[in-house]
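One-letter residues, chain by chain:
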Amino acid sequence: MKRIFLLLIACCLLGTLYAQSTRKIRELESKRKELHQQIAESETLLQSTRKDVKSQLDNLALLTGQIEERKKYIHTIESDVNTLAGEITSLQKQLGKLQRELNDKKQKYETSVQYMYRNKSIQEKLMFIFSAESLSQTYRRLRYVQEYANYQRLQGMEIERKQKQVTAKKKELEQTKKAKENLLKQGEAEKAKLEIQEKDRQTLLANLQKKQKGIQSELNKKKRSAQQLNAQIDRLIEIEIEKARKRAEEEARRKAAAEAAARKAAEAKKTETEKKTTGGEGTTSKPTGKPEVTKKAAPVEKFNLNNEDRQLSGSFERNRGILPIPITGPYVIVSHYGQYAVDGLRNVKLDNKGIDIKGKPGAQARAIFDGEVSAIFQYNGLNNILVRHGNYISVYCNLSSVSVTKGSKVNARAVLGTVHTDSSGNAVLHFQLRKETAKLNPELWLGR
């Protein structure tokens, strides 16, 4: 009975192992599917047909972003291929072990069958039992014959179970090998598409290299505009920080006043109790000769937060790396955070205080987290929104219209406004993220 129970447990373990391997393949496929969908959607963003410097620079940024997305996808494919290769090696080892165990059990079963064949007749079994020298030995021999028959039956069952394990493991191995082969083909197809995109980029660069003077003029224009925009954002953030400081100070004052009132009430209650205890006579405290020390309130830090802001900041920090993309629909990041040179163009350096995200015409900006709209301002005829999340502030620029008002509470993914589409069909959201006055790299906080 015990051996049958162990047999059932082994069958359950086999099913679990097979499910784990299949689940791993499904998980890898799910992650790749998300990346592939992002690439397919980004390819619906069309390049401008204009030949002026601005349009060609915009096309270069879009194409570079699409190439980066495809390279990331190819890297994921290669990583998954390596994972499956490791899984195949593991499955082959497991299969070899199962095959050896099966052969061992078959050999033992064959030996027991041969023994039973040599002693197959009823007469021989009876002679073996009744040739015992005592009754107890007769009983033991009878038990031996019965248990040996059960042993042989269980051996047959174990061989059958082990054969099923071997068959299942072979199926699992073939399935994993097939997944790897399909993945390798998919990788080759993506590399071919990447090669085409790289050629298109080289052609675009060749055209732009002939317009070096126009490039510098366009970049200087963008730089001046960005500096003016950032100056306004910095000023508004300083105002918001001052408001947060005042809120924290007011909360500290209220807390200190409440504590003082509580102490005063406790002292009054103590005095009243002492009067009752002494029969109504007043108690006179002896002078100690030491002046009473008044405890000073701790100074408020420059960027102190009230409780609500502190809780919101902590919740925001816990979502680092999984915050939603601040634009709806297909998108490509066409300009990254920080200073970097444009590969292929001489003396062309960009300095971005946030990131630029290109979407489809009509795309909408959306909040990356719960917060409060702290400011809405216009620059160059377009709208810009600041949303406060405790001591974090997210900034959404280049909007043709807004859907919120100053002071309104917003939830994560709430629509803030529509991204402006220029005459070339470009809808680009400029997005920044700050912690108080410090500028952060948004890509480290967004989930992609």
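Just above, that's the structure.
Everything quoted here is computed from the prediction, not taken from an experiment.

A.B. asks: When you look at the overall build of the chain in this model, what are you seeing that I'm missing?
C.D. replies: Counting its secondary structure elements, the chain contains 6 helices and 12 strands. The burial tally for the chain puts 36% of its 448 residues in the buried class. Residue pairs at least 24 apart in sequence account for 76% of intrachain contacts in the chain once pairs closer than 6 positions are excluded. For the chain, the exposed area adds up to about 27,400 Å²; of that, 54% sits on carbon and sulfur atoms.

A.B. asks: Would you take a moment to explain the nonpolar core for this structure?
C.D. replies: Nonpolar side chains tend toward joint burial in soluble globular proteins. Judged by nonpolar contacts, the single largest core of 30 residues is most densely connected at Phe316, Ile327, Ile368, Tyr396 and Leu416. Elements supplying a minimum of two residues to this core: β1 (331-335), β4 (355-359), β7 (382-389), β8 (392-402), β10 (415-419) and β11 (427-435). Setting aside residues up to four positions removed in sequence, Leu416 forms contacts with Ala365, Arg366, Ala367, Ile385, Val387, Tyr396, Val402, Ser403, Val404 and Val410. Of all hydrophobic cores here, the second largest spans 12 residues; its members include Leu229, Phe377, Tyr379 and Cys397.

A.B. asks: How do you make sense of the pattern of salt bridges when you look at a structure like this?
C.D. replies: Where charged atoms from two side chains of opposite charge come close, those side chains can pair. Scanning the entire structure with this criterion turns up 18 salt bridges. In this structure, Glu190 engages Lys193 in a salt bridge whose closest nitrogen and oxygen atoms are separated by 3.9 Å. You can see Glu190 and its partner Lys193 sitting in helix α4 (residues 135-209), 3 residues apart, about one turn around the helix. Relative accessible area serves as the criterion here: at 3%, Glu190 is assigned to the buried category.

A.B. asks: I would appreciate a short explanation of unusual backbone geometry in the present structure.
C.D. replies: Among all residues save glycine, negative phi is the norm, and among peptide bonds the norm is trans. The backbone of Arg413 shows a phi angle near 75 degrees, a positive value even though the residue is not glycine. Of note, Arg413 is situated in the loop between β9 (409-410) and β10. A positive phi angle, near 55 degrees, is found at Glu436, a position not held by glycine. Among the structural elements, Glu436 can be located in the loop between β11 and β12 (438-440).

Calculation notes
- Think of each chain on its own: its residues are numbered from 1, step by step along the sequence as written.
- Given that this is a predicted model, residues contribute local features only at a pLDDT of at least 70 and side-chain atom pairs are listed and counted only at 80 or more, while totals for whole chains, interfaces and linings are drawn from all residues.
- Note: side-chain values were computed over all heavy atoms of the structure, leaving out hydrogens and water.
- Each helix corresponds to a stretch of at least 4 residues labelled H or I by DSSP, and each strand to a stretch of at least 2 residues labelled E; elements are numbered beginning at the N terminus.
- Each residue is assigned to one of three classes by its accessible area relative to the maximum for its type, calculated with a 1.4 Å probe on protein chains only: buried under 20%, partly exposed between the two thresholds, exposed over 50%.
- Contacts: residue pairs with any heavy atoms within 4.5 Å of one another.
- Note on areas: Shrake-Rupley, 1.4 Å probe, and residue coverage restricted to the protein chains presented here.
- Side-chain atoms within 4.5 Å link the members of a nonpolar core, which is a set of buried Ala, Val, Leu, Ile, Met, Phe, Trp, Tyr and Cys residues.
- Throughout this description, the term salt bridge denotes a Lys or Arg side-chain nitrogen within 4 Å of a carboxyl oxygen of Asp or Glu.

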